[in-house]
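Working through the structure, step by step
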Amino acid sequence: TFVLRLTSFPDGHKAEDQAEGTNVAKYFDRGWCYTEQSWASLTKSGNLSLDLGKMRAGVEYDYCSLVDDCRKDGGRRPPLLPSAFAAELEKKSFTNGKDDKPLVKRLYEAAFEEQFGKATELFYDSLGWGDAEAAQLAEVLASGAAPRLEELWLQRNEIGDEGCKALAAALGKEGAAPRLE
């Protein structure tokens, strides 16, 4: 299943031209948008989770160039532990007039446990990730959330020495990913 997000409005779009009551908050400030993006970032292959807001005006795309532009530079963020997700969610707003945060936190935790609990492969390649993203992923892996993990794909990122050290330390922890070689 593809996940397509539109995290920014197209060139020339004016928020003030929207109908009254339309949510014009930035994508990552919106509670449900942030949550859905976070779910898609858990274990889905990078080429299946695309941010169409990364498309450039005047560019004609084929499938490969579309995937290339729409999964890098924040188009796909590393997964978060449920506690980190919950802390970040506190900064978000929901426009439906209800406080959906308790529900969303429970749903995220359940999805996190299910997806990582059964994951045997994680494909985070070609996402433009650096040391910070590697460290965030390392936190998840160090938690033991992926006990069945056999393959971890991180090639064609920009992870340096610090990110590699964080990943090595995380994967060296007892129970972090016992099947990963």
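Chains are numbered independently. Their residues run from 1 in the order of the written sequence. Restriction of local features to residues with pLDDT of at least 70 applies here, the model being predicted, together with a cutoff of 80 or more for giving and counting side-chain atom pairs; totals for whole chains, interfaces and linings are based on all residues. Side-chain measures were taken over the full set of non-hydrogen atoms in the model, leaving aside hydrogen atoms and water.

1. Some remarks on helix 2 (residues 63-70)
- Throughout, exposure labels follow a simple rule: accessible area from a 1.4 Å probe, protein chains only, divided by the maximum for the residue type, with under 20% read as buried, over 50% as exposed, and the rest as partly exposed. Secondary structure is summarised from DSSP: a helix means a run of H or I of at least four residues, a strand means a run of E of at least two, and numbering begins at the N terminus for each. Every buried residue of helix 2 is accounted for by Leu66, Val67 and Cys70. Projected down its long axis, helix 2 carries its buried residues within an arc of 95 degrees, all on one side.
- Contacts are assigned to residue pairs that have any heavy atoms within 4.5 Å of one another. Residues of helix 2 that are buried in the fold lie against strand 2 (49-51).
- N-cap assignment for helix 2: the residue whose side-chain oxygen lies 3.2 Å from the backbone N of Cys64 is Asp62. Directions are taken from the helix axis to each C-beta atom, and the arc is the one they span. Whenever a nitrogen or oxygen atom comes within 3.5 Å of another N or O atom, the pair is scored as a polar contact, on the condition that within protein one atom can donate a hydrogen and the other can accept it, and that pairs from neighbouring residues in sequence are kept only if both atoms are in side chains.

2. Considering the state of the cysteines
- Two cysteine sulfur atoms make up a disulfide if the distance between them is within 2.5 Å. By the definition in use, this model includes zero disulfides.
- Cys70 takes part in no disulfide bond, and the closest cysteine sulfur, belonging to Cys64, lies 13 Å away.

3. So, the packing of aromatic side chains
- Pairing of aromatic rings covers Phe, Tyr and the six-membered ring of Trp, with a centre-to-centre limit of 6.5 Å; geometry is then stacked below 30 degrees between planes, edge-to-face above 60, and tilted otherwise. What the rule picks out here adds up to nine aromatic pairs.
- Consider the rings of Trp32 and Phe94, whose centres lie 5.9 Å apart with planes at 85 degrees: the pair is edge-to-face. Of this pair, Trp32 sits in helix 1 (residues 31-40) while Phe94 sits in the loop between helix 3 (82-89) and helix 4 (101-118), and the two are 62 residues apart along the sequence.
- By relative accessible area, Trp32 is classed as partly exposed at 28%.
- Relative to Trp153, the ring of Phe123 has its centre 5.5 Å away and its plane inclined at 25 degrees; by these criteria the two rings are stacked. Of this pair, Phe123 sits in strand 3 (residues 121-123) while Trp153 sits in strand 4 (residues 151-153), and the two are 30 residues apart along the sequence.
- Trp153 sits in the partly exposed class, given a relative accessible area of 32%.
- Clustering of aromatic rings is evident, with ring pairs tying together Tyr34, Phe85, Tyr108, Phe112 and Phe116.

4. Brief notes about the pattern of salt bridges
- A pairing counts as a salt bridge when a side-chain nitrogen of Lys or Arg comes within 4 Å of a carboxyl oxygen of Asp or Glu. Taken as a whole and assessed by the stated rule, the structure comprises seven salt bridges.
- Put simply, Glu88 and Lys91 hold a salt bridge, and the shortest N to O gap is 3.3 Å.
- Accessibility expressed as a relative area gives 26% for Glu88, which makes it partly exposed.
- According to the relative accessible area criterion, Lys91 is exposed, its value standing at 60%.
- Measuring nitrogen to oxygen at the nearest pair gives 3.5 Å for the salt bridge that ties Glu88 to Lys92.
- Classification of Lys92 by relative accessible area gives buried; the value is 9%.
- Ionic contacts of the salt-bridge type, sharing partners, join the residues Glu88, Lys91 and Lys92 into one network.

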